[in-house]
Every structure is written in C-alpha cells, then in structure tokens.
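Structure assessment
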Amino acid sequence: MSRITIYMEGGGGGSQGRAALRREISAFLNRGSAAGGRRWKLDVRPRGGRAEAFRAFENAIAHSPKDEVTILLVDSEGPVTAATPSEHLRNRKGDGWNLATVPEERVHLMVQTMETWIVADPETLAGWYGPEFRANSLPRAQDLETVSKARIADALDRATERTTKGRYRKIQHASALLAKIDPARVRERCRHCARLFDKLANPLAPRAPA
C-alpha cells in the first residue's frame, strides 16, 4: 500500500498532545477524503511548531520513496492574498520558505487557523459542549477563510466560556472536536480544506492552486 505523509504544525511540545492530534485529525481527513479510495495509507505527523513541520517536510520530500506522497500542512496565520500557498509562505514575514522546487499540490494551508475548521460545524460543537454553548457567538460568514485568526479565537472563547467543559483550549479540546465535526460542512466553508480533501482523494493527480 502506498503512503500519504502529512507534516503539520500543532500538537504542542509533548508526545501526548501530538499523538492525540495525529489520531483525530487522521480520522477527520480520512472521513473527508477516503484517502485515495483506501488504496493509500494516511500518515499524519504533527511536529509542534510550524518551522519544525517545514523542516521535517523539506527533509522528507528530498528523501521519500516514489510510492510516498509527502504533504506540508500549516496555518496561513492571516488572509491568503497570494496566487498559491507556496507563494503565501514564501512572502509571509517570519516564514520566507523556499518552495520553488516543491510541486504546488504538496503545499496546503489551514486558513487562517485550524480552529476555522472547527467553527465550521456549530451544531456539532453545541452537541459536544452542551446547553450552555452559545452558537450565536460564532462567525456566520459562509466563507470562514475571510475571518481573522483573532476573531475566530475570540468567538470560540465567548461561545464556550459558560460551558461545563470550560473555555476552548487547543490542547484539551481540538483533538476531540476534530473527531466529531462534519468534513462536508468544513469543505463548504473552507476552500483550502476542500483542496486538501481533493488531493487526498486522488494523491497522484496534479491540482490547480487554490
């Protein structure tokens, strides 16, 4: 069986947080894409920080076998105005990554943050957090990628502050929520996530920039 390996940021600095994120985001991505009709094994490798994820991806893509598709997945951290994800990461202050020799379909973004995917499915969030969850605090924009990272974080904080599970905390809550949210809802509201699902469903097909 061929392999799709995703190097992504997230999971914190500890092995427990990374293992939880790896398990749940793998389930989410498999549900959304069926990973090449199940002919491909999906291997998600959280690396904590974005720079660590990039370095691991850069090393892997130079040495991966022919039957492995290697993918980079990081937050955009802001609006994506560049023509391609690679151009966005090259131009973004703090990154400046050289991806000129990397096929564009191997570079993917969570726009503007992973929590954007989570708030795309307010019904599931309400069911998980319980009756004190305030769904009206979440952004109503159909295109959630236009909503800033700061606004997403503030909305999640206000929506969850009175729940029995407490305010949203990435390490404590993100993995559990990724296991439950509906990939179809995320696809509808986050085009870069749809682009990633399309790549995972057909790993060898080139894909136009988002």
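Residues numbered from 1 in each chain as written. Predicted model: local features only at pLDDT ≥ 70, side-chain atom pairs only at ≥ 80, totals over all residues. Heavy atoms only, no water.

1. Looking at the sheet that holds strand S3 (residues 68-75)
Our working definition: At least two bridges found by DSSP between two strands are what make those strands a pair. By definition, any uninterrupted DSSP run of H or I lasting at least four residues is a helix, any uninterrupted run of E lasting at least two residues is a strand, and each is numbered from the N terminus. Helix axes are fitted only over the stretch in contact, all axes being lines through C-alpha atoms; the angle between N-to-C directions runs from 0 to 180 degrees.
Read from one edge of the open sheet, 4 strands run S2-S1-S3-S4, paired in parallel fashion. Two strands bound the open sheet, and with one partner strand each, they are strand S2 (40-46) and strand S4 (107-110). The sheet shows a mean angle of 25° between the axes of neighbouring strands, taken without regard to direction. The pairing of S3 with S4 spans 4 bridges and is parallel. Residue Asp75 lies in a different strand from S4, and its bridge partner there is Met110.

2. Thoughts on helix H7 (residues 170-178)
To keep things clear, this is the line we draw: Burial status follows relative accessibility: with a 1.4 Å probe on protein chains alone, a residue under 20% of its type maximum counts as buried, one over 50% as exposed, and anything between as partly exposed. Whether two residues are in contact is decided by their heavy atoms: any pair within 4.5 Å suffices.
Along H7, the positions that sit buried rather than exposed are His173, Ala174, Ser175, Leu177 and Leu178. Each element contacted by the buried residues of H7 is listed here: helix H1 (15-33), helix H4 (114-119) and helix H5 (122-129).

3. Structural notes on the packing of aromatic side chains
Stated precisely, the cut-off is as follows: Ring geometry is summarised as follows: Phe, Tyr and Trp rings, the Trp one being its six-membered ring, pair when their centres sit within 6.5 Å, and such pairs are stacked at plane angles under 30 degrees, edge-to-face over 60 and tilted between the two. Here, a charge over a ring is recorded when the distance from Lys NZ or Arg CZ to the ring centre is within 6 Å and its angle to the ring normal is within 35 degrees.
Applying the stated rule across the entire model yields 5 aromatic pairs. Note on Phe28 and Trp117: the rings are 5.6 Å apart at their centroids and 35° apart in plane angle, and the pair reads as tilted. Taken as a pair, Phe28 in helix H1 and Trp117 in helix H4 lie far apart in primary sequence, 89 residues in all. Exposure class is identical for Phe28 and Trp117. Each is buried. Put simply, the rings of Phe28, Trp117 and Phe197 touch in pairs and so form one group of aromatic residues. Above the face of the Trp128 ring, Lys165 is positioned so that its terminal group lies 4.6 Å from the ring centre.

4. Concerning the nonpolar core
This is how it is decided: In these notes, a set of buried Ala, Val, Leu, Ile, Met, Phe, Trp, Tyr and Cys residues joined through side-chain atoms within 4.5 Å is what counts as a nonpolar core.
Grouped together as the largest cluster of nonpolar side chains are 41 residues, with contacts concentrated most on Ile6, Ile25, Phe28, Leu29 and Trp117. Ile6 has contacts with Leu29, Leu42, Asp43, Val44, Arg45, Ile71, Leu73 and Leu200, leaving out every residue within four places of it along the chain.

5. Topic: the pattern of salt bridges
Note the cut-off: Should a side-chain nitrogen of Lys or Arg be within 4 Å of a carboxyl oxygen of Asp or Glu, the pair is scored as a salt bridge.
Scanning the entire structure with this criterion turns up 20 salt bridges. Across the pair Arg23 and Glu24 runs a salt bridge, and its minimum N-O distance is 3.2 Å. The residue Arg92 makes a salt bridge to Asp95 at a minimum N-O spacing of 3.0 Å. Several salt bridges share partner residues, and in doing so they unite Glu9, Arg50, Glu77, Arg92, Asp95 and Lys149 into one network.

6. Here we look at the pairing of strand S1 (residues 2-8)
Across the 7 residues of S1, 5 count as buried, placing the element largely inside the fold. Relative to S2, S1 runs parallel, the two being bridged by 7 bridges. Looking at S2, one finds that Thr5 is bridged to Asp43. Summarising the sheet, S1 and S3 pair through 6 bridges and their orientation is parallel. Considered in S3, the bridge of Ile4 is made with Val69.

7. What to know about unusual backbone geometry
For the bond running from Val111 to Gln112, omega is -5°, close enough to zero to count as cis. Summarising the element assignment, Gln112 is placed in the loop between S4 and H4. Phi is positive for Glu77, which is not a glycine, with a value near 70°. Assignment of secondary structure puts Glu77 in the loop between S3 and helix H3 (85-91).

8. What to know about the packing of H5 against H7
Think of two packed helices as two axes; the pair is described by the angle between the axes and how far apart they sit. Convention followed: Our angle categories are set so that under 35 degrees counts as roughly parallel, over 145 as roughly antiparallel, 65 to 115 as roughly perpendicular, and the remainder as oblique. If you view the pair so one helix is near and one far, a crossing is left-handed when the near helix is turned anticlockwise from the far one by less than a right angle, and right-handed when it is turned clockwise. Basically, the charged four are Asp, Glu, Lys and Arg, the nonpolar ten are Ala, Val, Leu, Ile, Met, Phe, Trp, Tyr, Cys and Pro, and anything else, Gly included, counts as polar.
Viewed as axis vectors pointing N to C, H5 and H7 meet at an angle of 120°, and their least axial separation amounts to 11 Å. Between H5 and H7, the crossing angle belongs to the class labelled oblique. In this structure, H5 crosses over H7, and the sense of that crossing is right-handed. The segment H5 lies against H7, with Leu125, Trp128 and Tyr129 engaging His173, Ala176 and Leu177. For the contact of H5 with H7, the per-class residue count stands at 5 nonpolar, 1 polar and no charged.

9. Details of the state of the cysteines
Quick note on the threshold: Two cysteine sulfurs form what is called a disulfide whenever their separation falls within 2.5 Å.
All told, the structure shown has 0 disulfides when counted by the stated rule. Distance from the sulfur of Cys190, which forms no disulfide, to the nearest cysteine sulfur (Cys193) is 6.2 Å. A relative accessible area of 0% means that Cys193 is categorised as buried.

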